[in-house]
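Each chain, written out:
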Amino acid sequence: MSWQAFIQSQLSLRKRDFAWRKRTCIDFSTGRELHVSGEKYLNFSGNDYLGLSHHPKVVEAWQQGAALYGVGSGGSGHVTGFTQAHYDLENNLSEWLDYPRALLFISGFAANQAVITALMGQGDRILADKLSHASILEASMLSSANLRRFTHNSSLALQKLFTNPSEGKTLVVTEGVFSMDGDSAPLDDLHKLAQENHAWLMVDDAHGIGVKGREGRGSCDVYGVKPELLIVTFGKAFGLSGAAVLCDEQTADYFIQAARHLIYSTSMPPAQAVALSAALKQVRQADAARAQLNQNIAYFRKNIQLNEMRLAPSETAIQPLIVGDNDKSLQLAAFLRQNRLWGQAIRPPTVPPGSARLRITLSAAHDQQDIDRLLEVIHGFATK
Ligand SMILES: *Cc1c(COP(=O)(O)O)cnc(C)c1O
């Protein structure tokens, strides 16, 4: 097959299945609003759960950081890209989450890949929740470890997998809050099972950190568990980007020797690390925003009228409205846009076949009128 024929056949398959992906160039967004081509929309598709992306103190911290350090780090952290700003942020994070060490990564995707590929090799096994994020599953497939996936949120299914013997190390992987479903993992049961079987637990809490737990410490704080590896990301509630891995001293030292995403990649700009420390300060004291977010979630769930659609059992900011087929999810997203609301249609393979959905995300930046408008438009679509 020629290159051209290959690309063309791939593209026509995507079009046929209503799975065509494209990007929209936006003017700018906040937790509450999205501006596109000069038009204003209410934003129900962002991850800025606490409305921090435009917080004046965080913006100012970034500016001050840039004035001091310039705009880039100038290299990998192993060369000259590890500054006082990075060092302070790592310490602030490890103190907040009560771990001996935190290591910064440029993204959650990179952190997951680095951790899994550095730790797992031939003869090892990874037991991952079936609905784990693409970055986790992809890293698992890239590593030479054996990947087994267990039924979503089922500690019973995990227990069954443990009955198969394995010679090497075992890593159990899950998310705190699942990115496409918004539900939470039974972290206490999973950690107990892992411990009983001499396995480690890795929790990717991209969507729980900042919004759940005391001072926003996330899903693990809610369950009172301390996984051996905790991944937190800064692209969601923190309103910025980047990630950190929380672990013990020796494991952190090991990652510094072995994690290729640290060694061979430019570290995050120091100005961003300064901004992240400022965002962390805001996150810790954001109880009012967390209360507002929870109120928005409860109000939305209480008042939605579903007709033929289904609302996933989520108590978090991620509220998936499952419509089934791809085409209908696109129609619903388009209907929202006509009404100046923005929600994201999510289709297979990101979610299982037949579960195409509108992924609605709520923020503390929304007020009750915003939610009322969302409910009204969804109702309008359902009774069209
Ligand atoms: C967003 C997300 C990631 C990726 O994090 P980035 O920092 O955006 O690369 C990883 N895991 C989960 C569960 C996510 O939702």
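For clarity, every value in this text was computed on a predicted model and none was experimentally measured.

**Considering the UniProt feature "modified residue: N6-(pyridoxal phosphate)lysine" (unreviewed entry) in the protein**
Then comes step 1: Feature annotation in UniProt assigns "modified residue: N6-(pyridoxal phosphate)lysine" (unreviewed entry) to the following positions: K236.
Then comes step 2: Along the chain, K236 turns up in the loop between β9 (229-233) and β10 (243-247).
Then comes step 3: The residues touching K236, leaving out its near neighbours within four places in the chain, are N47, D48, Y49, A206 and H207.

**Structural notes on helix α1 (residues 3-16)**
Then comes step 1: For α1, built from 14 residues, the straight-helix expectation of 20 Å at 1.5 Å per residue is met to within 8% by its first-to-last C-alpha distance of 20 Å.
Then comes step 2: At the exit of α1 stands F18, carrying a positive phi of roughly 55°.

**Things to note about the packing of aromatic side chains**
Then comes step 1: The full count for this structure, using the stated rule, is seven aromatic pairs.
Then comes step 2: Centroid distance W3 to F6: 6.3 Å. Interplanar angle 85°. Geometry classified as edge-to-face. Remark: F6 and W3 occur in helix α1; sequence separation between them is three residues, near one turn of the helix.
Then comes step 3: Relative accessible area serves as the criterion here: at 37%, F6 is assigned to the partly exposed category.
Then comes step 4: Taking 5.0 Å as the distance between ring centres and 90° as the angle between the ring planes, the aromatic pair formed by Y41 and W342 counts as edge-to-face. With Y41 in strand β3 (residues 39-43) and W342 in strand β13 (residues 341-342), this pair connects stretches of sequence that are 301 residues apart. We note that Y41, like W342, is buried.
Then comes step 5: These aromatic residues form a ring-pair network of at least three members: W96, F234 and F238.
Then comes step 6: Its end group placed over the ring of W20, K15 keeps NZ or CZ at 4.5 Å from the ring centre.
Then comes step 7: The side chain of K226 reaches across the aromatic face of Y99, ending 5.3 Å from its centre.

**Things to note about the site of the ligand**
Then comes step 1: Neighbouring the ligand are the residues S107, G108, F109, N112, H133, S135, E175, S179, D204, A206, H207 and K236.
Then comes step 2: At a separation of 2.6 Å, an oxygen atom of the ligand approaches a polar side-chain atom of H207.
Then comes step 3: At a separation of 2.9 Å, an oxygen atom of the ligand approaches a polar side-chain atom of K236.
Then comes step 4: A total of 380 Å² of accessible area belongs to the ligand in isolation, and the protein chains cover 84% of it.
Then comes step 5: The dominant element in the shell around the ligand, judged by the number of residues it contributes, is helix α4 (residues 108-119), at three residues.
Then comes step 6: Considered class by class, the residues forming the shell around the ligand number two nonpolar, seven polar and three charged.

**Description of the sheet that holds strand β5 (residues 125-129)**
Remark on secondary structure: sheet strands pair via backbone hydrogen bonds, oriented parallel or antiparallel.
Then comes step 1: The strand order across the open sheet built from seven strands is β4-β10-β9-β8-β7-β5-β6, with neighbouring strands paired in mixed fashion. The sheet is open, and its two borders are formed by β4 (101-105) and β6 (146-150), each paired with just one other strand. Each strand of the sheet is rotated relative to its neighbour by a mean of 20°, with strand direction disregarded.
Then comes step 2: Bridge analysis of β9 against β10 gives four bridges, and the strand direction is antiparallel. Of the residues in β10, the one forming a bridge with I231 is V245.
Then comes step 3: On top of the sheet, helix α7 (residues 187-196) reaches β6, β7 (170-175) and β8 (200-204); it is set at about 150° to β8, its chief contact.
Then comes step 4: Where helix α9 (residues 249-258) meets the sheet, its contacts fall on β4, β8, β9 and β10, and the angle it forms with β4 comes to roughly 25°.

**Here's the deal with helix α13 (residues 326-338)**
Then comes step 1: In this model, α13 (13 residues) spans 19 Å end to end at C-alpha, consistent with the 18 Å of a helix rising 1.5 Å per residue.
Then comes step 2: By the burial criterion, the buried members of α13 are N326, S329, L332, A333, F335 and L336.
Then comes step 3: Looking at the buried side of α13, the elements it contacts are β12 (318-324), β13, β14 (344-346), β15 (356-361) and α14 (368-382).
Then comes step 4: One or two residues past the end of α13 sits R340, with phi positive at roughly 65°.

**Notes on the pairing of β12**
Then comes step 1: With seven of its seven residues buried, β12 lies for the most part within the structure.
Then comes step 2: Side chains I318, P320, I322 and G324 project from β12 onto one buried face, and the interleaved Q319, L321 and V323 project onto a second face that is buried too.
Then comes step 3: Relative to β12, strand β11 (residues 310-311) runs antiparallel, the two being bridged by two bridges. Across the sheet, the residue bridging to L311 is L321, located in β12.
Then comes step 4: In this structure, the hairpin formed by β11 and β12 is closed by a connection of six residues.
Then comes step 5: Here β12 pairs with β15 via six bridges, running antiparallel. Along β15, the bridge assignment pairs G324 with A356.

**Side note on unusual backbone geometry**
Then comes step 1: Residue P348 is joined to P349 through a cis peptide bond whose omega torsion reads 10°.
Then comes step 2: With respect to the helices and strands, P349 occurs in the loop between β14 and β15.
Then comes step 3: One non-glycine residue, E215, lies in the positive phi region at around 50°.
Then comes step 4: Of note, E215 is situated in the loop between β8 and α8 (219-223).
Then comes step 5: Here E215 falls in the partly exposed class, since its relative accessible area comes to 29%.

Rules used in this analysis
- Residues numbered from 1 in each chain as written.
- Predicted model: local features only at pLDDT ≥ 70, side-chain atom pairs only at ≥ 80, totals over all residues.
- Heavy atoms only, no water.
- UniProt positions renumbered as here; feature names shortened; annotations may be inferred.
- Helix = DSSP H or I, 4+ residues; strand = E, 2+ residues; numbered from the N terminus.
- Contact = heavy atoms within 4.5 Å.
- Expected span 1.5 Å × (residues − 1).
- Phe/Tyr/Trp six-rings, centres within 6.5 Å; stacked < 30°, edge-to-face > 60°.
- Buried < 20%, exposed > 50% of the residue type's maximum accessible area, 1.4 Å probe, protein only.
- Lys NZ or Arg CZ within 6 Å of the ring centre and 35° of its normal.
- Near = heavy atom within 4 Å.
- Polar contact = N/O pair within 3.5 Å; in protein donor to acceptor, adjacent residues only side chain to side chain.
- Areas by Shrake-Rupley, 256 points an atom, 1.4 Å probe, with all protein chains shown as cover.
- Nonpolar A, V, L, I, M, F, W, Y, C, P; charged D, E, K, R; others polar.
- Pairing = 2+ DSSP bridges.
- Axes fitted to C-alpha atoms, helices over the stretch in contact; angles between N-to-C directions.

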